[in-house]
Amino acid sequence: MLLFFTLGLLIHFVFFASIFDIYFTSPLVHGMTPQFTPLPPPARRLVLFVADGLRADTLYELDENGTSRAPFIRNIIMHEGSWGISHTRVPTESRPGHVALIAGFYEDVSAVAKGWKENPVEFDSLFNESKYTWSWGSPDILPMFAKGASGDHVYTYSYDAKREDFGAQDATKLDTWVFDNVKDFFRHARNNQSLFSKINEEKIVFFLHLLGIDTNGHAHRPSSRDYKDNIKKVDDGVKEIVSMFNHFYGNDGKTTFIFTSDHGMTDWGSHGAGHPSETLTPLVTWGAGINYPQRVSAQQFDDSFLKEWRLENWKRLDVNQADIAPLMTSLIGVPFPLNSVGILPVDYLNNTDLFKAESMFTNAVQILEQFKVKMTQKKEVTLPFLFTPFKLLSDSKQFNILRKARSYIKHRKFDEVVSLCKELIHLALKGLSYYHTYDRFFLGINVVIGFVGWISYASLLIIKSHSNLIKGVSKEVKKPSHLLPCSFVAIGILVAFFLLIQACPWTYYVYGLLPVPIWYAVLREFQVVQDLVTSLLTYPLSHFVGYLLVFTLGIEVLVLSFFYRYMLTAGLTAFAVWPFLTRLWTRAKVTSLSWAFFSVLLAVFPLMPVVGRKPDISLVMGAGLLVLLLSLCVVTSLMKRKDSFRKEELLVHLLQVLSTVLSMYVVYSTQSSLLRKQGLPLMNQIISWATLASSLFVPLLSSPAVFQRLFSILLSLMSTYLLLSTGYEAVFPLVLSCLMFVWINIEQETLQQSGVCCKQKLTSIQFSYNTDITQFRQLYLDDIRRAFFLVFFLVTAFFGTGNIASINSFDLASVYCFLTVFSPFMMGALMMWKILIPFVLVMCAFEAVQLTTQLSSKSLFLIVLVISDIMALHFFFLVKDYGSWLDIGTRQLLACTAWLFIYISASPNRLWIPSDPELDSNLLHAIRACISHYVIVMSMTIFLVFLNGLAQLLTTKKLRLCGKPKSHFM
């Protein structure tokens, strides 16, 4: 059995990884020829301001007094330059946003493994193509462009990472540091001849990364005075820098200025998903080569922003974020970044029609080069008779379009050139997506075949080894045939040869060959299938169909709960009614009423708001008081049993009560300190980490009796959970634990009702019970319900605390009792532990259910495995990346929770999913939601193994304060 679980775990890791080979592969190709406009550029130098986390509406709108928060930028819009909205892509994060801005493509997923701070795949950028680039700002952003640059011409100046403190007194100092250092740089250049000559060269870039707005947004929300005041300071700083540049270069008119943002921010201070407040960022350009403001009488947009911002008379030019990269390259005359998929926004250019046409033609050729390389790569590794080219852009059509464009330029039909080149770009981008997803169907089929085979084998193993379903069926023992293994060996050889001649990656061999041994194992149990059919034929058809419908309905409710959290409420309500539909109500009225009460109470949580909620410390304090009240009642009750409650155990409980009190104090004190902008007190930080460290071993000091140990685990984990809570979710583990305790009791009642065993008092059952419970009984039909309850409670443990399949439901404020300085790996780990605490509580309760119902954990785990795999297969089929938003239908959850379960220590709010640049934003959210759901279910299955081990450790291990420690294992 150990071998089976090990192989099962490995198989699930393969299924888990498959989604990344199918949907998360890098879209980058190499080997293209650099392309640049063969005409003199309008600018010698470019200054790029990126105000990290700046929303378009907060910059453009007028305040309550009717004045602009950024008067200098607004003056530029009205009198000097062009403006619009830059539409970003999911994930709306700093690293992917800057890569889109500066390199013109959407980030490679493998960067997540390095916290988005290094370049796992080499890519070209504006900085790399420039003659020199000087950059100032965050150490999280600048190094990635310096490391990827060829030669030594990209210079970075960063402040210390510790300055990125969400509890700092004044986050605007991050921006002030940048502005001051740029001024010092130019003052120094006047006295340094070598530096002076460099900054007077052409094709140079100055990059100012301004992180203060983002930091204030996370710490105080975008609606706060701190966020809005920071915008005013940035506006003042930009004004000073522009004045300094004009003065330094003698107003030569050869400097282009671009002001934009990498992403926006939600009202509740997060970003990463696809809400308009995150995807709509400002773009303001002025200087050399940029069009002057254009007065218009009317503009047609799907939103009402122009009227709200009182900018309806100034022409708004919207772009995609990746389009800014080709705009900047054309302005200073450097080659377009090789991997750029941006389309040059010619309306921003103030130049001749010939320059616009030539620039657009260069843009089209640069993207077409990527298409050709991608097609050649795929053609070289595919058998000729199997290769299907992209028919919309054949070689002849490429040639005709390029020839026609050249002819139009010769005959000065420049508008036709621009239109024709845009058509070619759109076709090339579709072709890139076509070849990027070329193997997707083949890989998907292999994974599905393997999935179905594994589910079938696990189901047969349950029936054969852990149930009485086929015990009474007479069987003839047949001599094993050599035909079956030989056939599967031949199939494996054929699959391997097919992959070998196509030079497929090694992962393709895994996905292609894995179904072979799985289905061999299934067909070896053909006799079990025959016996199962024979056994089922003896059951009434109506009963069989009824059980099948109930099981299918339960699976569908679980699947729908990932899209509609209120399905969990419906399920818990059904759970509440369940005892009254059976004989449980007549046998155990108090237990049934308690079950109904806590089920209904828990059903409220999925209806609570998931995003946009403000921190409410009073709810956290209230949860702490409830824990203290419950502790008082329990300890008083246990003290009455003098024979079973020793002073040592009383000391443990008092220690846990003290820990809860300290947690409440730390939460309140930290919140007050941060509001006063005094940062995180050191003593609070020490207490928080000490509480976290002690939460896993203090329960081991308590009695191994089921009730006392579970209560001790709840107290310890609640102390940590309070420190990680910001609102109503602090009450959730308490309600969940109460329901889990009733669940243990009600399962005892159901087992006694069925006559399987006699009821035992929980106070007399200990986790140290050392008998192998597999000898007591096999699985019954009701055990499927128990396994379903476990899966349902685990799903509720995730979604019930306000989490959704979106990084927007995870607030960085949750970790402020532990640290406020930005540390993606540590913050990610703390958030992960917050999510896992309800899981641990459910698994510990399930250990008690197995013990009290005399059930094998192995057999129940197999049922849970089958249920989870059916759900995962369901989500696998739901993943699509084609069609319109209406075709996708209800798959509308926001993006990218995958990081939660992919890398325990990965940075929060950081995951990229490759996508077709032509897909609309809503469709992208839907795709990512389904992938996220698949990842959650697969991760839940994998984590169950580890959570089960942790639950066994917490429930069966016994430590003593004095003397030699003693262990009790089941």
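Because the structure is predicted, anything quoted here is derived from the model rather than measured.

Enquirer: Please explain the overall build of the protein as it appears in this structure.
Expert: Tallying secondary structure elements over the protein gives 36 helices and ten strands in all. In the protein, buried positions account for 59% of the 970 residues. Taking all contacts inside the protein whose residues are at least 6 apart in sequence as the whole, residues at least 24 apart take part in 80%. When the accessible surface of the protein is totalled, it reaches about 39100 Å², and 61% of it is carbon and sulfur.

Enquirer: Mind showing me how you'd approach the layout of surface pockets here?
Expert: Gaps between atoms show up when a probe of the same size as a water molecule is rolled over them. Estimated volume of the largest pocket: approximately 2000 Å³. As for the largest pocket, its lining consists of 44 residues, of which Tyr547, Leu548, Phe551, Leu781 and Ile784 are closest to the centre. Contributions of two or more residues to the lining of the largest pocket are made by α17 (440-465), α21 (526-536), α22 (541-561), α23 (566-577), α31 (781-799) and α33 (857-878). Looking at which element gives the most residues to the lining of the largest pocket, the answer is α22, with twelve residues. Considered class by class, the residues forming the lining of the largest pocket number 32 nonpolar, ten polar and two charged.

Enquirer: What exactly am I supposed to notice about the sheet that holds strand β1 (residues 45-51) here?
Expert: On the basis of which strands lie adjacent, the open sheet formed by eight strands has the order β4-β3-β5-β1-β6-β7-β2-β8 and mixed pairing. Single-partner strands in this sheet number two, and they are β4 (154-158) and β8 (319-320). In this sheet, strand β5 (residues 204-210) lies alongside strand β3 (residues 132-137) in parallel orientation, the contact comprising five bridges. Paired with tyrosine 132 across the bridge in β5 is isoleucine 204. Helix α3 (residues 71-79) rests against β2 (82-87), β6 (255-260) and β7 (280-287) of the sheet, and its axis sits at about 65 degrees to β7.

Enquirer: I would appreciate a short explanation of unusual backbone geometry in the present structure.
Expert: Across residues other than glycine, the phi torsion is negative in most instances, and most of the peptide bonds are trans. Even without being glycine, arginine 221 reaches a positive phi, approximately 80 degrees. Counting through the fold element by element, arginine 221 comes out in the loop between α9 (212-220) and α10 (225-248). In the Ramachandran plot, alanine 503 falls in the positive-phi region, its phi being about 55 degrees despite a non-glycine side chain. The residue alanine 503 is located in the loop between α18 (483-500) and α19 (506-513) in this model. Among the residues examined, alanine 503 registers a relative accessible area of 53% and is labelled exposed.

Enquirer: Explain the packing of α31 against helix α32 (residues 824-852) here, please?
Expert: For any two helices packed against each other, the geometry comes down to the angle between their axes and how far apart the axes lie. Where α31 contacts α32, the two axes come as close as 8 Å, and the packing angle between them is 160 degrees. With respect to their mutual orientation, α31 and α32 come out roughly antiparallel. In the crossing of α31 with α32, the sense of the turn from one axis to the other is right-handed. Together, Arg786, Leu790, Phe793, Leu794, Ala797 and Phe798 of α31 and Ile835, Pro838, Phe839, Val842, Met843 and Phe846 of α32 make up the contact between the two elements. Across the contact of α31 with α32, the residue classes break down as eleven nonpolar, no polar and one charged.

Enquirer: How should I be thinking about the pattern of salt bridges in this particular structure?
Expert: Applying the stated criterion across every chain yields a total of 23 salt bridges. A salt bridge links lysine 464 to glutamate 525, with the shortest nitrogen-to-oxygen separation between them at 3.2 Å. Of this pair, lysine 464 sits in helix α17 while glutamate 525 sits in the loop between α20 (515-524) and α21, and the two are 61 residues apart along the sequence. Lysine 464 gets classed as partly exposed once you look at its relative accessible area, which sits at 38%. Across the salt bridge formed by arginine 785 and aspartate 782, the nearest N and O atoms sit 2.8 Å from each other. Placement of both arginine 785 and aspartate 782 in helix α31 is noted, with a separation of three residues, approximately one turn of the helix. Classification of aspartate 782 as partly exposed rests on a relative accessible area of 31%.

Enquirer: Can you help me understand α18 in this one?
Expert: Since one α-helical turn is 3.6 residues long, residues separated by three or four positions face the same way. Helix length check: α18 (18 residues) gives 26 Å between terminal C-alpha atoms against 26 Å at 1.5 Å per residue, within 8%. On its buried face, α18 sits against α17, α19 and α20.

Enquirer: In this structure, what is going on with the packing of helix α27 (residues 647-675) against helix α28 (residues 682-694)? I would like to understand it.
Expert: Interhelical geometry of α27 versus α28 gives an angle of 140 degrees and a closest axis separation of 10 Å. One element, α27, and the other, α28, form an angle in the oblique class. Handedness of the α27/α28 crossing: left-handed. Note on element contacts: α28 touches α27 through Asn684, Ile687, Ser688 and Thr691, opposite Ser659, Leu662, Ser663, Tyr665, Val666, Ser669 and Thr670. A class-by-class count of the residues in the contact of α27 with α28 yields four nonpolar, seven polar and no charged.

Enquirer: What should I look at first to understand the packing of aromatic side chains in this one?
Expert: Two measures describe an aromatic ring pair: the distance that separates the ring centres and the angle between the ring planes. According to the stated counting rule, one finds 65 aromatic pairs in the structure shown. An angle of 75 degrees between the planes, with centres 5.9 Å apart, marks the rings of phenylalanine 575 and phenylalanine 793 as edge-to-face. Pair noted here: phenylalanine 575 is in helix α23 and phenylalanine 793 is in helix α31, with a separation of 218 residues, a long-range link. The same class applies to phenylalanine 575 as to phenylalanine 793, namely buried. Aromatic side chains tryptophan 578 and tryptophan 595 sit 5.9 Å apart centroid to centroid with 70 degrees between the ring planes, which places their arrangement in the edge-to-face category. Taken as a pair, tryptophan 578 in the loop between α23 and α24 (584-587) and tryptophan 595 in helix α25 (residues 589-603) lie far apart in primary sequence, 17 residues in all. The burial state of tryptophan 578 is the same as that of tryptophan 595; both residues are buried. Over the ring of tyrosine 106 we find arginine 89, and its NZ or CZ is 4.5 Å from the ring centre. A cation over a ring is seen here: arginine 295 above tryptophan 314, with NZ or CZ 4.4 Å from the ring centre.

Enquirer: What am I meant to see in the side chain of threonine 362 here?
Expert: Tracing the chain through its elements places threonine 362 in helix α14 (residues 353-380). Accessibility expressed as a relative area gives 5% for threonine 362, which makes it buried. Apart from residues lying up to four places away in sequence, threonine 362 is in contact with Gln35, Phe36, Thr37, Pro38 and Phe336.

Conventions we followed
- Residues numbered from 1 in each chain as written.
- Predicted model: local features only at pLDDT ≥ 70, side-chain atom pairs only at ≥ 80, totals over all residues.
- Heavy atoms only, no water.
- Helix = DSSP H or I, 4+ residues; strand = E, 2+ residues; numbered from the N terminus.
- Buried < 20%, exposed > 50% of the residue type's maximum accessible area, 1.4 Å probe, protein only.
- Contact = heavy atoms within 4.5 Å.
- Areas by Shrake-Rupley, 256 points an atom, 1.4 Å probe, with all protein chains shown as cover.
- 1 Å grid on protein atoms, 1.4 Å probe; cavity = no way out; pocket = protein on both sides within 12 Å on 5 of 7 lines; lining within 4 Å.
- Points joined across faces, edges and corners; volume = space filled by probe spheres on them.
- Nonpolar A, V, L, I, M, F, W, Y, C, P; charged D, E, K, R; others polar.
- Pairing = 2+ DSSP bridges.
- Axes fitted to C-alpha atoms, helices over the stretch in contact; angles between N-to-C directions.
- Parallel < 35°, antiparallel > 145°, perpendicular 65-115°, else oblique.
- Left-handed = near helix turned anticlockwise from the far one by under 90°.
- Salt bridge = Lys/Arg side-chain N within 4 Å of Asp/Glu carboxyl O.
- Expected span 1.5 Å × (residues − 1).
- Phe/Tyr/Trp six-rings, centres within 6.5 Å; stacked < 30°, edge-to-face > 60°.
- Lys NZ or Arg CZ within 6 Å of the ring centre and 35° of its normal.

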